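Results of the structural survey
For reference, the chains in residue letters:
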Amino acid sequence: MSNYAVEMKQTAQAMVASGKGILAMDESNGTCNKRFEKLGIPATEERRRAYRELILTTPGLSEFISGAILYDETIRQSTQAGVSFIKVMQDAGMIPGIKVDTGAKDLAGHPHEKVTEGLDGLRDRIAEYYKMGARFAKWRAVITIGEDIPSRACIEANAHALARYAALCQEGGLVPIVEPEVLIDGNHTIERCYEVTDETLHAVFAQLYRQGVAYNQMILKPSMVISGLACPIQAPAEQVAEMTIQCLLKNVRVNVPGVAFLSGGQSHQQASEHLNIMNAKYRSHCPWQITFSYARAIQQPALETWRGNDANVAQAQQQLLHRAKCNSAASLGQYRAQMEQQLAPV
Ligand code: 5MM
């Protein structure tokens, strides 16, 4: 048993406490810059810092957000006034987390498929992040649906890496968020997405078991079972919720404290609606908390309002808080479409 077992169990439970979710703001510089460039925001370290300050200093955010996943550049940054982001989070009662993978790279011998890298030197990086104040970590594996893919090789390589990452995290005191994302891109049906998600989760839990990962000290961050974006038949929200829960019940160990979904390219309202139905209809059938760990589905309206202009900070924070509030309500099965009309002042 890890020396940190008691602390990690408490952290994992706090990350998915009732009515709270995890904010993903761990975009690597490449991804963050791409999002900035689309809106004409200068892709500089200072603008990335300013944007992350906007997010983390949003008044009232911790009412809905238990913790935030940072990127290596961000975890070392501070507010304009010189307060480290870690301290800002700790003072606000939000748990600092850190993305530790180094990205999805081409899988040798398997065209169009990826394997996530980052195991080299990970033990030392975990020790450094723990010392800085991080208490959880994240690693994202990417599974693509297409003609004849995913291959067994891709699913197994990613599941194995996720489990080795999770074991290293638990050894070093960080709660691992285990994120196997089945991409929404493609013209596949929801049934095909179910098959692939089922196979992926099955492989991930087999590897977590093999590597001795403690299920009660981790969080699962899966994608929902959903129609491909280009599929001519888009499954209704009720079906997305039902098939997602069915797939999770089949594969996720009962003592995992929480499932925190990624939004994966869904619109922000869809992401809230799907999460809400899962909680309203199926929460009592599930042994784990069901919540969110969204990036785009929380941040996008705020980013579009801010546009790199400091004069827009307060309004952007209002947008961010609103999405956090809507998703918090969804994690309790209390989200209603009318909430979208009720922006609270910050
Ligand atoms: C799937 O992406 C994660 C969740 O975000 P969405 O809710 O927008 O789908 C997210 O944490 C992602 O891993 C980060 O944005 C990091 O992205 P990159 O590709 O820059 O590492």
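The structure we're discussing is the one just above.
Let me sum up the structure you'll find in this document.

Conventions adopted
Residues numbered from 1 in each chain as written. Predicted model: local features only at pLDDT ≥ 70, side-chain atom pairs only at ≥ 80, totals over all residues. Heavy atoms only, no water. Helix = DSSP H or I, 4+ residues; strand = E, 2+ residues; numbered from the N terminus. Buried < 20%, exposed > 50% of the residue type's maximum accessible area, 1.4 Å probe, protein only. Contact = heavy atoms within 4.5 Å. Axes fitted to C-alpha atoms, helices over the stretch in contact; angles between N-to-C directions. Parallel < 35°, antiparallel > 145°, perpendicular 65-115°, else oblique. Left-handed = near helix turned anticlockwise from the far one by under 90°. Pairing = 2+ DSSP bridges. 1 Å grid on protein atoms, 1.4 Å probe; cavity = no way out; pocket = protein on both sides within 12 Å on 5 of 7 lines; lining within 4 Å. Points joined across faces, edges and corners; volume = space filled by probe spheres on them. Nonpolar A, V, L, I, M, F, W, Y, C, P; charged D, E, K, R; others polar.

Here the focus is the environment of G21. Take G21: it is sitting in strand β1 (residues 21-24). With a relative accessible area of 0%, G21 lands in the buried category. Residues G21 and T44, spaced 23 residues apart in sequence, show a C-alpha to C-alpha distance of 29 Å. Residues contacting G21, with those up to four places away along its chain left out, are M15, F64, I65, S66, G67, T291 and F292.

What follows is about the packing of helix α8 (residues 190-210) against helix α9 (residues 237-251). Orientation of α8 relative to α9, taken along the N-to-C sense of each, is 25°, at an axis distance of 9 Å. It follows from the interaxial angle that α8 and α9 lie roughly parallel. The two elements α8 and α9 cross, and the hand of that crossing is right-handed. In this structure, α8 contributes I190, E191, Y194, T197, D198, L201, H202 and F205 to the contact, and α9 contributes Q239, V240, M243, Q246, C247, L248, K250 and N251.

Judged by pairing direction, the sheet is parallel, and its eight strands sit side by side in the order β1-β2-β3-β6-β7-β8-β9-β10 without closing on themselves. In the strand order of this sheet, the two ends are held by β1 and β10 (289-292), each with one partner. Where strand β7 (residues 175-182) lies against strand β8 (residues 219-220), two bridges are found, and the strand directions are parallel. Looking across to β8, one finds that V178 is bridged to L220. Against the sheet, helix α7 (residues 152-172) touches β6 (136-143) and β7, its axis set at about 175° to β6.

Another point: the layout of surface pockets. Empty space among the atoms becomes apparent when a probe as large as a water molecule is rolled across them. Each pocket or cavity is described by its volume, and for the largest pocket that value is around 1100 Å³. Around the largest pocket, the lining comprises 44 residues; the ones closest to its centre are E27, T31, R35, R140 and R296. Sorting the residues of the lining of the largest pocket by element identifies α2 (29-38), β4 (104-106), α6 (122-132), β6, β7 and α11 (296-306) as the ones contributing at least two each. Considering each element in turn, the lining of the largest pocket owes the most residues, four residues, to α2. Class assignment of the residues belonging to the lining of the largest pocket gives a composition of 14 nonpolar, 13 polar and 17 charged.

For the pair α6 and α7, the least separation of the axes is 9 Å and the interaxial angle reads 45°. The angle between α6 and α7 places the two elements in the oblique class. Here the hand of the crossing between α6 and α7 comes out right-handed. Residues L122, R123, I126 and Y130 of α6 pack against Y165, L168, C169, E171 and G172 of α7. Its residues assigned to classes, the contact of α6 with α7 shows six nonpolar, one polar and two charged.

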